[in-house]
Amino acid sequence: MNNQLVMYEEEVRQINGICEVLHRDSNARAVLVIGKDGQPIASTGEVDTLDVTSLSSLTAGNVAATGGIASLLSEKEFAGQTHEGEKTSVYISIVGQRLILVVLYDDRSSLGLVRLRVRKATAELNTVLDTLVKKAASGNQPSVFAEITDDDIDNLFND
Amino acid sequence: MSFINYSSREINCKIVYYGPGLCGKTTNLQYIYNKTNPDAKGKMISLATETERTLFFDFLPLSLGEIRGFRTRFHLYTVPGQVFYDASRKLILKGVDGVVYVGDSQLERVEANIESLDNLRNNLQEQGYDLDKLPYVVQYNKRDLPNASPLDQLEETLNPTKVPAFEAVATKGVGVFDTLKAVAKLVLTELRRGGA
């Protein structure tokens, strides 16, 4: 099982670009891209006041739980979900089985607009994901781990 | 699932603390949270019931420092130990890089320990993992209690494959960081080997 998600600079740049366009075109407060296991990958917009790490972990938990419900109901997945707040609402969707796209929006935008823009962004993110999968499969990329020694690992734990 | 970001030069790994209800998984994370430098940790999240039993998971992001210019981050999760939360436990195991099995040393928890360990193995298998191939350590918690089983008995029952094992009193921090360091090292070694 290939259990590793690797992001190279080029793809991170592309994902950030897609997030920025989505943020602008949907009048969103913020846009986040998260790995399905809760790892924050990209974020744009009003993120300085957000705890992106916690938000990513909880969103991934939420998506996993919703996926569990879908499976109990013999659904493949619930592709999108919305949480409506008084001031801020959240639209969450799954991209290519591996990423979660989160849009935080307020009354400057609407669910309809967000969903419309998310559809376009999702298609673009899928293209980037395909490239990543091909890169990973080619095995030609440099590995940061190749030259790590036991001492490097031990040094992390020297208090 | 480890996540390597060449752009932000970060390595992210997921470690799951597993074990029967009330064995001290959350206490491990709380101790780590309380004793870690504020710069090295994020907010600890506990999704718990009103009686402070874990409902879904606890989450603690930790930053261990840099390896060859890459910041290493570990995301620590606990599962809910109570038997009927099995669906939630399966979800939390998704993408795991390393497992800590926390056993309860008390004699009367032998059955619960065995049941939880079998459950761990089965749930991992369902997701395509093999416990014997994952970075994995065992912690025997509550060693200070008068009704604690002898260590060799616990080893025989709960650690047949003889992975690294640690005695602990999580409420006092005994063995907590030794356990964490051991599993973190195994995870990084596995990453170097090309797995995880």
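Refer to the structure presented above.
Remember, it's a predicted structure, so these values are computed and weren't measured experimentally.

Caption draft 1: Summary view of the sheet that holds strand S6 (residues 99-105) of chain A. Residue and element names in this part refer to chain A. Sheet architecture is open: five strands sit in the order S3-S2-S6-S5-S4, paired in antiparallel fashion. The open sheet terminates on both sides in strands that have one partner only, identified here as strand S3 (40-45) and strand S4 (80-83). Each strand of the sheet is rotated relative to its neighbour by a mean of 15 degrees, with strand direction disregarded. In terms of strand pairing, strand S2 (residues 30-35) meets S3 through five bridges, oriented antiparallel. Residue pairing for S3: Ala-30 is matched across the bridge by Gly-45. Across the sheet, helix H1 (residues 9-25) lies against S2, S3 and S6, angled at about 35 degrees from S3, the strand it touches most.

Caption draft 2: Spatial organisation of the packing of aromatic side chains. Residues and elements named next belong to chain B. Evaluation of the coordinates by the stated rule reveals seven aromatic pairs over all chains. Look at Tyr-6 and Phe-70: their rings are 5.6 Å apart centre to centre, the planes differ by 80 degrees, and that puts the pair in the edge-to-face class. Separated by 64 residues along the polypeptide, Tyr-6 in the loop between strand S1 (2-5) and strand S2 (10-18) and Phe-70 in strand S5 (residues 70-78) bring together distant segments of the chain. For the pair shown, Tyr-6 and Phe-70 are each scored as buried.

Caption draft 3: Structural context of the interface of chain A and chain B. Facing 37 residues of chain A, the contacting portion of chain B comprises 43 residues. Where chain A packs against chain B, one counts three salt bridges. Of the charged contacts, one joins Asp150(A) and Arg192(B) as a salt bridge, the two residues approaching to 2.8 Å between their closest N and O atoms. Our count for the chain A to chain B interface comes out at nine residue pairs in polar contact (both at pLDDT 80 or more).

The rules we used
Residues numbered from 1 in each chain as written. Chains lettered and ligands numbered in written order. Predicted model: local features only at pLDDT ≥ 70, side-chain atom pairs only at ≥ 80, totals over all residues. Heavy atoms only, no water. Pairing = 2+ DSSP bridges. Helix = DSSP H or I, 4+ residues; strand = E, 2+ residues; numbered from the N terminus. Axes fitted to C-alpha atoms, helices over the stretch in contact; angles between N-to-C directions. Contact = heavy atoms within 4.5 Å. Phe/Tyr/Trp six-rings, centres within 6.5 Å; stacked < 30°, edge-to-face > 60°. Buried < 20%, exposed > 50% of the residue type's maximum accessible area, 1.4 Å probe, protein only. Salt bridge = Lys/Arg side-chain N within 4 Å of Asp/Glu carboxyl O. Polar contact = N/O pair within 3.5 Å; in protein donor to acceptor, adjacent residues only side chain to side chain.

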